[in-house]
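Listed below, chain by chain, are the residues.
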Amino acid sequence: MSKRVTSWTDPLPDSMRPRIGLSLAYIALYVILDRIRFLEALHGVDITPWNPPAGMTVALLLEGGVAYIPVIAVTALFSSPILPLTPIDPTLGLVTALVIAGGYAAAATLLRQAFNLDLGLNRARDMPLLIGAAVIGAGTVALAVVTTYAAGGIIPWFDLREAVIQYWIGDAIGIVVFTPAFLFAWDFLRRRPAILPRFRLTAAAEGLLQCLSIVGA
């Protein structure tokens with residue numbers, strides 16, 4: 001018997017649709033958040049006081065695993081020449097995109113496999129683990145990205161320390177603030193059939209107020 005060859009006109013397998021939908025949502029939201037956070041950028045590149053896309057990236061890697069590394073790298077590469085005020089060479093953009101995707105993928109893998117992080121953050125140790133990963137992972141990524149910029153002539157070497165610290169703080173804030181929010185949202189969607197009968201208007205109002213307080217802060 002001959003095997004049937006899959007055509008591009010065939011419908012997507014059911015297992016692929018959630019991944020594609022999540023990838024498209026990630027790309028769209030990444031570009032939006034990247035534009036919002038691009039304020040007071042040091043040396044005209046993506047070294048800003050806060051970085052929500054880093055939080056969303058870590059959440060995606062925690063939920064989906066290393067399979068999303070290509071999506072993250074392509075999104076970062078696509079976004080890198082759009083916002084910066086200083087022109088970035090495509091090769092430099094590719095290197096930094098791979099550093100971001102690979103660095104945070106390593107942090108997420110350690111959290112899931114080595115430390116058995118509960119994605120619902122239901123245990124007392126889960127938030128300290130996430131904060132620790134935010135500090136260490138963001139520091140590693142910051143050092144690698146900023147050093148790449150310095151090697152490419154975008155940042156002067158004498159400003160390396162200040163740039164690393166600002167990039168580090170921006171990513172760490174983005175992860176600590178936004179990764180739990182995305183994880184809580186996904187956890188709610190997973191458990192929605194069991195939760196909805198007990199979900200009250202007061203709980204919805206409380207969640208909305210918490211989101212508004214984050215945006216206001």
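Above: the structure in question.
Before going into details, it helps to say that this report is about the structure given with it.

A few points about the environment of Pro 49
For step 1, the next point in the chain: In this structure, Pro 49 sits in the loop between helix H1 (17-37) and helix H2 (52-64).
For step 2, the next point in the chain: Under the relative-accessibility criterion, Pro 49 is labelled partly exposed at 34%.
For step 3, the next point in the chain: On a C-alpha basis, the gap between Pro 49 and Ile 173 in space is 8.3 Å, while along the polypeptide they are 124 residues apart.
For step 4, the next point in the chain: With sequence-adjacent residues up to four places away left out, Pro 49 is seen in contact with Leu 39, Glu 40, Gln 166, Ile 169, Gly 170 and Ile 173.

Structural notes on the nonpolar core
In summary, soluble globular proteins display a tendency toward joint burial of nonpolar side chains.
For step 1, the next point in the chain: Within the largest apolar cluster, 53 residues are counted, with the highest numbers of intra-cluster contacts made by Ile 47, Leu 62, Tyr 104, Val 146, Tyr 149 and Tyr 167.
For step 2, the next point in the chain: Only H1, H2, helix H3 (69-79), helix H4 (90-114), helix H5 (126-151) and helix H6 (160-190) provide two or more residues apiece to this core.
For step 3, the next point in the chain: Among the elements that line this core, the one with the most residues is H5, at 11 residues.
For step 4, the next point in the chain: For Val 146, the residues in contact, after removing those within four places along its chain, are Ile 47, Ile 155, Leu 160, Ala 163, Val 164 and Tyr 167.

Things to note about the packing of H3 against H4
Packed helices, taken two at a time, are described by the angle between their axes plus the distance between the axes.
For step 1, the next point in the chain: The interhelical angle for the contact between H3 and H4, taken along N-to-C directions, is 140°, at an axis separation of 8 Å. Taken as a pair, H3 and H4 cross one another with a handedness that is right-handed. Between H3, through Ile 69, Ile 72, Ala 73, Ala 76 and Leu 77, and H4, the contact on the second element is made entirely by Pro 90, Gly 93, Leu 94, Ala 97, Leu 98, Ala 101 and Ala 105.
For step 2, the next point in the chain: For the contact of H3 with H4, the residue count by class is 11 nonpolar, 1 polar and no charged.

Parameters and conventions
Residues numbered from 1 in each chain as written. Predicted model: local features only at pLDDT ≥ 70, side-chain atom pairs only at ≥ 80, totals over all residues. Heavy atoms only, no water. Helix = DSSP H or I, 4+ residues; strand = E, 2+ residues; numbered from the N terminus. Buried < 20%, exposed > 50% of the residue type's maximum accessible area, 1.4 Å probe, protein only. Contact = heavy atoms within 4.5 Å. Core = buried A, V, L, I, M, F, W, Y, C linked by side-chain atoms within 4.5 Å. Axes fitted to C-alpha atoms, helices over the stretch in contact; angles between N-to-C directions. Left-handed = near helix turned anticlockwise from the far one by under 90°. Nonpolar A, V, L, I, M, F, W, Y, C, P; charged D, E, K, R; others polar.

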